[in-house]
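A look at the structure
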Amino acid sequence: MSIRFDNRVAIVTGAGNGLGRSHALELARRGAKVVVNDLGAAVDGKGGATSAADTVVAEIRQAGGTAVANYDSVADAKGAANIIQTAVDAFGTVDVLINNAGILRDKSFAKMELADFEQVIQVHLMGSVYCTKAAWPIMQAKNYGRIVMTTSASGIFGNFGQSNYGAAKTGVVGLMNVLRQEGAKNGIMVNTVAPIAATRMTEALFPPKILPYLGPHFVTTAAVWLASEACTLSGEIISAGAGYYAKAVMVEAEGVMFDPEKPVSLEQFDAAYGRISDLSKATPFPSSLAEVEKVFKLTNKL
Ligand code: NAI
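Residues numbered from 1 in each chain as written. Predicted model: local features only at pLDDT ≥ 70, side-chain atom pairs only at ≥ 80, totals over all residues. Heavy atoms only, no water.

Turning to the overall build of the chain, a few remarks are in order. When you go through the chain residue by residue, the secondary structure sums to nine helices and eight strands. Against the 2.2 N^0.38 benchmark of 19 Å for 302 residues, the chain shows a C-alpha radius of gyration of 21 Å, consistent with a compact globule. Overall, the chain is about 70 × 45 × 35 Å in size when its C-alpha atoms are taken along their principal axes. Out of the 302 residues belonging to the chain, those deemed buried represent 44%. In the chain, of all internal contacts separated by at least 6 residues, the share reaching a separation of at least 24 is 70%. Here the chain displays about 15200 Å² of accessible surface, and carbon together with sulfur accounts for 57% of that area. (Helix = DSSP H or I, 4+ residues; strand = E, 2+ residues; numbered from the N terminus. Rg over C-alpha atoms; globule rule 2.2 N^0.38 Å. Buried < 20%, exposed > 50% of the residue type's maximum accessible area, 1.4 Å probe, protein only. Contact = heavy atoms within 4.5 Å. Areas by Shrake-Rupley, 256 points an atom, 1.4 Å probe, with all protein chains shown as cover.)

Written as structure tokens, this is what we have:
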């Protein structure tokens, strides 16, 4: 094992089940001291039990690893701060944060209660914000940090019945896109994994025949690599599952430049739409500034 986490402190949120558990076990196997956070909720986020986190801590210790449990909710700013504090109190610092905790409350948008929309945003997006906010100054001060967000194909591409979840999962990508820029000078790499795995969250959604091939360990390989010193990239989105790994990106078409001194009529726009939407020469941008600079340059007015 050349990719190691000796003397590194890692926090995995929602690590009492599924993917988070798998990430925590692998981090510990590779030498990390791990905070196993989980409030022990059901898939819809209701209820709570300390046993989820405790069981994973026991598994890690049984295998000779080092771990402590934390039962706070990421969806609460004070709770999230306490998750980070748990790492500081037990192990002195935090090097790795995997924002993994999540819930589902699926319904078509027409039928969705706003409370279910808000709670899903609160756990996935604000939970990632709260935990990252508390870990950030520690990582800045030590000029080292690895933060992994957890998105979903639903957040990248959209999925019927998941307006709340899709919005939250796109939100964490937006958070990453900014933090990768703000964290760079302090060696804080912020990346995102987009899992496909058989867990209690998905086992009723995927065809039963495929479930044996969707072990969480496939996702863990990508997530833990992104959390390691081996990863010196920031802003990557990696789709991972069933042995498949692929980088996902947002791109923009080459586009069409009209005369910036004249208004563009709806008819001109309509006639040009084929070229406006032609993705054959699409490119990603490293920042919003780079995209805006492209537009300014095309005007020939600077
Ligand atoms: P899971 O339901 O097995 O595990 C989620 C864990 O998060 C649970 O142990 C739960 O108690 C915990 N949790 C929920 N709310 C929490 C809170 N407020 N604070 C702390 N812990 C909380 O689900 P799974 O599949 O392991 O999901 C992990 C992450 O991966 C989630 O963010 C999910 O949205 C994402 N994901 C999973 C996919 C999959 O195929 N399994 C697909 C795409 C994304």
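This paragraph deals with the packing of aromatic side chains. Following the criterion strictly, the structure yields two aromatic pairs and no others. Plain terms: the ring middles of Phe109 and Phe117 are 6.3 Å apart, the flat faces sit at 75° to each other, and that makes the pair edge-to-face. Under the relative-accessibility criterion, Phe109 is labelled exposed at 60%. On the basis of an interplanar angle of 50° and a centroid distance of 5.7 Å, the ring pair of Phe269 and Tyr273 is categorised as tilted. With Phe269 and Tyr273 both in helix α8 (residues 266-276), this residue pair falls four residues apart, about one helical turn. Taking the relative accessible area as the measure of exposure, Phe269 reaches 42% and is therefore partly exposed. (Phe/Tyr/Trp six-rings, centres within 6.5 Å; stacked < 30°, edge-to-face > 60°.)

Neighbouring residues of the ligand: 32 residues in total, closest Asp38, Asn100, Tyr165, Ala197 and Thr199. In this structure, Thr199 approaches the ligand through a side-chain N or O atom, which is 2.5 Å from an oxygen atom. The fraction of the free accessible surface of the ligand (830 Å²) that becomes covered by protein chains is 98%. When contributions to the shell around the ligand are tallied by element, the ones reaching two or more residues are α1 (18-29), α4 (114-142) and α6 (163-183). Here the shell around the ligand is composed, by residue class, of 14 nonpolar, 14 polar and four charged. (Near = heavy atom within 4 Å. Polar contact = N/O pair within 3.5 Å; in protein donor to acceptor, adjacent residues only side chain to side chain. Nonpolar A, V, L, I, M, F, W, Y, C, P; charged D, E, K, R; others polar.)

Before going further, it helps to spend a moment on unusual backbone geometry. Phi is positive for Asn7, which is not a glycine, with a value near 65°. For Asn7, the location among the structural elements is in the segment before β1 (9-12).

What follows concerns the pattern of salt bridges. Any two side chains of opposite charge can pair if their charged atoms end up close together. Inspection of the entire model under this criterion finds eleven salt bridges. With its nearest N and O atoms 2.7 Å apart, the salt bridge here joins Arg21 to Glu59. With a gap of 38 residues between them, Arg21 in helix α1 and Glu59 in helix α2 (residues 51-62) connect regions that are remote in the sequence. The class of Arg21 is partly exposed, set by a relative accessible area of 30%. We classify Glu59 as partly exposed; its relative accessible area is 25%. (Salt bridge = Lys/Arg side-chain N within 4 Å of Asp/Glu carboxyl O.)

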